[in-house]
Amino acid sequence: MLSPTALSRPAAVPALIPGPLAAEEAGVAPATIRKWVQLGHLRAAGKAGRAQLFRLEDVFAAERAVRGRPRTRTRPRPHTRPHTRTRTA
């Protein structure tokens, strides 16, 4: 039988939340959560049907990891050709 103190303690299993709620908590778009998964910054801890479920602490850790490094350029820099024309006098 469980002791009264064991009944009053919260479960050690962290709550799992769906992607859209994880995005809201982290202050990002749901597409950002999906991108973090795609890039390997975040891993789903479970599934409910087709929906991926995440631990909130994992979402925050991914956010810190991504935001801690400088942003990369999304557009390539314009290509500039070196000046090759020579002047003839």
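Report follows, based on the coordinates. Quantities reported herein were computed from a predicted structural model and do not represent experimental measurements.

Some details on the nonpolar core
Okay, so step 1: Residues I17, A22, A23, A26, V28, I33, W36, L42, F54, V59 and A62 constitute the largest nonpolar core, which totals eleven residues.
Okay, so step 2: Looking at this core, the elements that each hand over two or more residues are α2 (19-26), α3 (30-39) and α4 (56-67).
Okay, so step 3: For this core, the leading source of residues is α2, giving three residues.
Okay, so step 4: Those residues in contact with A26 that sit more than four places away from it in its chain are V59, F60, E63 and R67.

Structural notes on the pairing of strand β3 (residues 51-55)
Okay, so step 1: Taken together, the three bridges between strand β1 (residues 16-18) and β3 define a ladder with antiparallel strand orientation. In the sheet register, P18 faces β3, and the bridge partner there is L53.

Details of α2
Okay, so step 1: The set of residues buried in α2 consists of G19, A22, A23 and A26. On an axial view of α2, the arc spanned by its buried residues comes to 100°, and they lie on one face. The outward face of α2, more than 90 degrees from its buried face, is lined by the exposed residues P20 and E24.
Okay, so step 2: Tucked into the core, α2 has its buried residues touching β1, α3, β3 and α4.
Okay, so step 3: G27 sits one or two positions beyond α2 and adopts a positive phi of about 75°.

Conventions used here
Note on numbering: residues in each chain are counted from 1, in written sequence order. Where local features are concerned, this predicted model is filtered to residues with pLDDT of at least 70; where side-chain atom pairs are given and counted, the filter is 80 or more; whole-chain, interface and lining totals use all residues. Side-chain numbers here rest on the full set of heavy atoms in the structure, without hydrogens or water. By convention a nonpolar core is built from buried Ala, Val, Leu, Ile, Met, Phe, Trp, Tyr and Cys residues, the set being connected through side-chain atoms within 4.5 Å. Note on classification: 1.4 Å probe, protein chains only; a residue is buried when its accessible area is under 20% of the maximum for its type, exposed when over 50%, partly exposed between these limits. What counts as a helix is a DSSP run of H or I of at least four residues, what counts as a strand is a run of E of at least two, and both are numbered from the N terminus. Only heavy atoms enter the contact rule, under which two residues are in contact if any of them lie within 4.5 Å. Note: two strands are recorded as paired if DSSP finds a minimum of 2 bridges between them. The arc in question is formed by the directions pointing from the helix axis toward the C-beta atoms.

The quantities given are spatial measurements derived from coordinates; they are silent on function.
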